[in-house]
Amino acid sequence: KGEYKEGYLNGEGEKNFADETKEFGTFLDGDLNGFGTTIWDTGTKYEGDWVKGVGVGKATMTYNTGVYVGQTDKTLEHGKGTFTWNDGESYTGEWVYGQRTGKGTYKWANGDQYNGYFQNGVYEGKGEYIYANGNKFVGSFKNGLEEGEGVFYWNDGDKYEGNYIDGYRSGKGKYVYASGTVYE
């Protein structure tokens, strides 16, 4: 439905495809161009800015697992945005073509939170993991685990400073107790 020019949909209109995918919004030469919405046969919905049939700019993307609100490119999460999962977890930060990559914050429904750097959806580089109970790790991460130098703070005031390998304390380090006692 809509206005056609030289055989192509131009202006406000709607397209329905055989696979039940639907597009509606502003068209130019048959492609969404400007603000529009695509609902794919999977139920995934992209509502936002389009340039020549490609999602570019600000958008809301609705999946069966949750909702993304933010910047896009090539019809993927790209730039800054927030994804909120149906279970209450969320990620706010940088995205690179559909992947959590760059600086961001991931919050779990149980109250845990990670602030730091991600690479392809995994903690990578400097960051801090704050537990709901008040414990906290500050340091380096590799492949989603504590790796290299870091400090673990317990909510009672104790802390451990030292090296981590594959998420475990390993090698040189020291415990500093809230009482002031130091164990190396």
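The structure presented is a predicted model; accordingly, all values stated were derived computationally and were not measured.

Calculation rules
- Residues numbered from 1 in each chain as written.
- Predicted model: local features only at pLDDT ≥ 70, side-chain atom pairs only at ≥ 80, totals over all residues.
- Heavy atoms only, no water.
- Core = buried A, V, L, I, M, F, W, Y, C linked by side-chain atoms within 4.5 Å.
- Buried < 20%, exposed > 50% of the residue type's maximum accessible area, 1.4 Å probe, protein only.
- Helix = DSSP H or I, 4+ residues; strand = E, 2+ residues; numbered from the N terminus.
- Contact = heavy atoms within 4.5 Å.
- Salt bridge = Lys/Arg side-chain N within 4 Å of Asp/Glu carboxyl O.
- Pairing = 2+ DSSP bridges.
- Patch = residues over 30% accessible without salt bridge, like charges linked within 9 Å, V, L, I, M, F, W, Y side chains within 5 Å.
- Areas by Shrake-Rupley, 256 points an atom, 1.4 Å probe, with all protein chains shown as cover.
- Phe/Tyr/Trp six-rings, centres within 6.5 Å; stacked < 30°, edge-to-face > 60°.
- Lys NZ or Arg CZ within 6 Å of the ring centre and 35° of its normal.

> Looking at this model, I keep getting lost on the nonpolar core. Mind explaining?
A general trend in soluble globular proteins is that nonpolar side chains are found buried together. With 22 residues, the main nonpolar core has Tyr-91, Tyr-114, Phe-118, Tyr-123 and Phe-141 as its most contacted residues. Secondary-structure elements contributing two or more residues to this core are strand 5 (45-51), strand 6 (54-62), strand 8 (76-85), strand 9 (90-96), strand 11 (113-119), strand 12 (122-130), strand 13 (136-142) and strand 15 (159-165). Setting aside anything within four residues of it in sequence, one finds Tyr-114 in contact with Gly-104, Thr-105, Tyr-106, Trp-108, Tyr-123, Glu-124, Gly-125, Lys-126, Gly-127, Glu-128, Tyr-129 and Phe-141.

> Whenever I open this one, the pattern of salt bridges confuses me. Can you help?
Oppositely charged side chains may form a pair once their charged atoms are brought near each other. Within the structure shown, the criterion is met by one salt bridge. Here Glu-161 and Lys-159 are joined by a salt bridge, their closest N and O atoms 3.0 Å apart. A residue is classified by how much of its surface remains accessible, and Glu-161, at 25% relative accessible area, is partly exposed. For Lys-159, a relative accessible area of 23% puts it in the partly exposed group.

> Explanation requested: the pairing of strand 10 (residues 99-107) in the structure shown.
A regular strand carries its side chains on alternate faces of the sheet. Across six bridges, strand 9 lies against strand 10 in antiparallel orientation. Bridge assignment links Val-96 to a residue of strand 10, and that residue is Gln-99. Counting the residues between successive antiparallel strands, the hairpin from strand 9 to strand 10 contains two residues, one of them, Tyr-97, with a positive phi of roughly 40 degrees. As paired strands, strand 10 and strand 11 are joined by six bridges and run antiparallel to one another. Directly across from Lys-103, in strand 11, lies its bridge partner Tyr-117.

> How should the pairing of strand 15 be read in this particular structure?
Summarising the sheet, strand 14 (residues 145-153) and strand 15 pair through six bridges and their orientation is antiparallel. Across the sheet, residue Tyr-153 finds its bridge partner in strand 15, namely Lys-159. Connecting strand 14 to the antiparallel partner strand 15 that follows it, the hairpin turn spans five residues, and Gly-157 within it adopts a positive phi of roughly 105 degrees. Pairing analysis gives six bridges linking strand 15 to strand 16 (residues 168-176), with the strands arranged antiparallel. Bridge pairing links Ile-165 to Tyr-168 in strand 16. Hairpin connection from strand 15 to strand 16: two residues lie between these consecutive antiparallel strands, with Asp-166 at a positive phi of about 50 degrees.

> What is the right way to look at a nonpolar patch on the surface in this model?
A contiguous nonpolar patch, built from Leu-76, Val-96 and Tyr-97 and spanning about 220 Å² of accessible area, is present on the exposed surface. Using a relative accessible area of 37% as the deciding quantity, one classes Val-96 as partly exposed.

> Where do I start with the side chain of Thr-38 in this structure?
Structurally, the position occupied by Thr-38 is in strand 4 (residues 31-39). You can call Thr-38 buried: its relative accessible area is 2%. Once residues lying within four places of it in the same chain are set aside, the contact partners of Thr-38 are Thr-21, Lys-22, Glu-23, Leu-32, Thr-44, Lys-45, Tyr-46 and Trp-50.

> Where do I start with the packing of aromatic side chains in this structure?
Within a pair of aromatic rings, the relevant descriptors are the distance that separates the centres and the angle that separates the planes. Taken as a whole, this structure holds 25 aromatic pairs when the rule is applied. Seen from their ring centres, Tyr-68 and Trp-95 are 5.2 Å apart, and the 80 degrees between their planes marks the pair as edge-to-face. Placement of Tyr-68 in strand 7 (residues 66-73) and of Trp-95 in strand 9 is noted, with a sequence separation of 27 residues between them. Trp-95 carries the same exposure label as Tyr-68, and that label is buried. Above the ring of Tyr-97, the side-chain terminus of Lys-74 is found at 5.1 Å from the ring centroid.

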